[in-house]
Amino acid sequence: MDLAREAVSSAFGCLFGEVVFTSSGTESANLAVLGPALAARGGRRRRILLGAAEHHCVLHCRPVLESWDYEVVLVPVDSESRYRHGLLEELVDESTFLVSLMHANNETGAVSDIARLASVAKGRGALFHTDAVQTFPGGWRVGEAGADLVSVSAHKFGGPTGVGALNVRGGTPIEPMARGGGQERDLRAGTEPVAAIVGMAAALAARRDVEPVRNARDLFVSKLVQAGFVPTVSGVGPTRDETDKGLGSFGTVLPGHAHGRFPGVSAESMLIRLDRLGVSASSGSACSSGSLEPSHVALAMGWTLEEAREALRFTFGHGATLALAEEAARRVILARDEILAAGRA
Ligand SMILES: Cc1ncc(COP(=O)(O)O)c(C=O)c1O
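Residues numbered from 1 in each chain as written. Predicted model: local features only at pLDDT ≥ 70, side-chain atom pairs only at ≥ 80, totals over all residues.

**Topic: the overall build of the protein**
So, point 1. Per the secondary structure count, the protein includes 14 helices and ten strands.
So, point 2. With the C-alpha coordinates aligned to their principal axes, the bounding extent of the protein is approximately 65 × 40 × 40 Å.
So, point 3. Per-residue burial for the protein yields a buried fraction of 48% across its 345 residues.
So, point 4. Considering only residue pairs separated by 6 or more positions, the protein has 75% of its internal contacts joining residues 24 or more positions apart. (Helix = DSSP H or I, 4+ residues; strand = E, 2+ residues; numbered from the N terminus. Buried ≥ 20, exposed ≤ 12 C-beta atoms within 10 Å, placed from the backbone. Contact = placed C-beta atoms within 7 Å.)

**What to know about the pairing of strand E5 (residues 127-131)**
So, point 1. Across the five residues that make up E5, a large majority, five, are buried.
So, point 2. Across the two faces of E5 the burial is the same, with Leu127, His129 and Asp131 and Phe128 and Thr130 all buried.
So, point 3. One ladder, built from three bridges, connects strand E4 (residues 96-100) with E5; its direction is parallel. Bridge assignment links valine 99 to a residue of E5, and that residue is phenylalanine 128. (Pairing = 2+ DSSP bridges.)

**Examining the domain arrangement of the protein**
Accessible area lost upon the coming together of the parts serves often as the stated size of an interface.
So, point 1. Splitting the protein by domain gives domain 1 (2-205) and domain 2 (211-344).
So, point 2. Between the C-alpha centres of domain 1 and domain 2 the distance comes to 26 Å.
So, point 3. Listed as interface residues are 27 residues of domain 1 and, on the opposing side, 23 residues of domain 2.
So, point 4. When residues of the side of domain 1 that touches domain 2 are assigned to their parent elements, the largest contribution, three residues, is made by helix H6 (residues 114-123).
So, point 5. By residue class, the composition of the side of domain 1 that touches domain 2 is eleven nonpolar, eleven polar and five charged. (Domains from an automatic or database assignment. Nonpolar A, V, L, I, M, F, W, Y, C, P; charged D, E, K, R; others polar.)

**Brief notes about the sheet that holds strand E6 (residues 149-153)**
So, point 1. Strand order in the open sheet made by the seven strands is E1-E7-E6-E5-E4-E2-E3, with mixed pairing throughout. At either margin of the open sheet sits one strand with a lone partner, and together these are strand E1 (19-22) and strand E3 (71-75). In this sheet, adjacent strand axes meet at a mean angle of 20° when their direction is disregarded.
So, point 2. For E6 and strand E7 (residues 164-168), the ladder comprises five bridges, and the chain directions are antiparallel. Its bridge partner lying in E7, valine 150 is registered against asparagine 167.
So, point 3. Against the sheet, helix H2 (residues 25-39) makes contact with E1, strand E2 (47-51), E4, E5, E6 and E7, and its axis sits at roughly 160° relative to E6, the strand it touches most. (Axes fitted to C-alpha atoms, helices over the stretch in contact; angles between N-to-C directions.)

**Description of the environment of isoleucine 114**
So, point 1. When you line up the elements, isoleucine 114 lands in helix H6.
So, point 2. The class for isoleucine 114 is buried, based on 29 C-beta atoms found within 10 Å.
So, point 3. Sequence separation between isoleucine 114 and alanine 145 is 31 residues, and the spatial gap between their C-alpha atoms is 6.4 Å.

**A short note on the sheet that holds strand E10 (residues 311-315)**
The pairing of strands in a sheet happens through backbone hydrogen bonds and is either parallel or antiparallel.
So, point 1. The three strands lie next to each other as E8-E9-E10, forming an open sheet whose pairing is antiparallel. Of all the strands in the sheet, just strand E8 (230-231) and E10 have a single pairing partner and so form its edges.
So, point 2. As paired elements, E8 and strand E9 (residues 257-261) share two bridges and run antiparallel to each other. Across the sheet, residue valine 230 finds its bridge partner in E9, namely arginine 261.
So, point 3. Running over the sheet, helix H10 (residues 211-226) touches E8, E9 and E10 and is turned about 15° from E9.

**A short note on unusual backbone geometry**
So, point 1. In this structure, proline 137 follows phenylalanine 136 across a cis peptide bond, with omega equal to -5°.
So, point 2. Along the polypeptide, proline 137 turns up in the loop between E5 and helix H7 (142-145).
So, point 3. A positive phi angle is found at aspartate 69, which is not glycine, with a value near 70°.
So, point 4. Along the chain, aspartate 69 turns up in the loop between helix H4 (62-67) and E3.
So, point 5. We note that serine 81 has phi near 70°; this positive angle belongs to a residue other than glycine.
So, point 6. Structurally, the position occupied by serine 81 is in the loop between E3 and helix H5 (85-91).
So, point 7. By C-beta crowding, serine 81 is classed as buried, having 26 other C-beta atoms within 10 Å.

**What to know about the site of the ligand**
So, point 1. Taken together, 14 residues surround the ligand, and among them Ser24, Gly25, Thr26, Asn106 and Ser153 come closest.
So, point 2. For the shell around the ligand, the element with the most residues is H2, which contributes three residues.
So, point 3. Grouping the amino acids of the shell around the ligand by side-chain chemistry returns five nonpolar, eight polar and one charged. (Near = placed C-beta within 6 Å.)

**Regarding the environment of proline 176**
So, point 1. Relative to the assigned elements, proline 176 resides in the loop between E7 and helix H8 (183-186).
So, point 2. The class of proline 176 is buried, set by 21 C-beta atoms lying within 10 Å.
So, point 3. Apart from residues no more than four positions distant in its own chain, proline 176 is found in contact with Gly35, Asp186, Leu187, Arg188 and Ala189.

**A word on helix H11 (residues 267-276)**
So, point 1. Inspection of H11 places Ala267, Met270, Leu271 and Leu274 among the buried residues, and these make up the whole buried set. Buried residues of H11, seen end-on, are gathered within an arc of 100° and therefore sit on one face of the element. Those residues of H11 that are exposed and angled more than 90 degrees off the buried face are Glu268 and Arg276.
So, point 2. One or two steps after H11, the chain reaches glycine 278, where phi turns positive at roughly 80°. (Arc of directions from axis to C-beta.)

Right under this line is the structure:
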């Protein structure tokens, strides 16, 4: 476990003792948001800013924070689901205790410049947490981004499910959520799942190039666009610019995500047909793939209810090829054509 902690801390760019292993990204984010809030309960800073497009593992902390007398304010996103430092500047004040904004959105794939956002929060004395579940390790190190707390999850980069980690910068006030033995430097009681933790480190060592994934996704999107698909995010490829450290090696959009809609075609009908055609997709997050509720991310971007009901999300993993992307695009367009033909019939 020491070797694993060393590998994870090196990927974070933090000290060995600043890594807390958890059961998931969800638990990591819960601990990151609730742990400091509990530690500072009754303090002078009473305001907590949560991103409007966060994963539910952050947003669902809200009622608990409110029950502890914090005022929770949602930070808006732009039309591509990115957080903007200008909008954040308007909301962070001297009473702000904590700001929690994700690095990349799990539905749309849009990447926010987390270093810039962290500097706005830190500049006003607030703590900064980022949910980096979609981007870690990705050539981006928390040491450079300046966050106090960073949440990650092993199954997003090829590791096992059931293990995540939280990077807690030294000196951050934080109380544990799970209490019991003194594991994880008293921050997360419970016997550690050693096999899963070692698996997480092994996945870090086995990381593969994302370029083939990006190429497959780009081909897929370009085929869909020719058929009328409206992509949600405008991606700018990997940046080499040193000033863009907060974006990591992804550029402004994750390599494997394709999100958008066919105007006038409901996601529900698309998903039913795609399922039959052997294409996996969702309308909101992957965890809500069985749900037909309009996605809170689409609504946060300012989409109408009708547009939100058209939202489609596809993701490409390692192993994606151009031939596979082309075939997937063919089937998606076929599904769309069948729906339009049935509508006309
Ligand atoms: C952005 C983001 N945060 C948190 C999570 C939750 O992580 P876990 O599944 O490890 O609980 C996910 C997805 O699963 C995610 O995409």
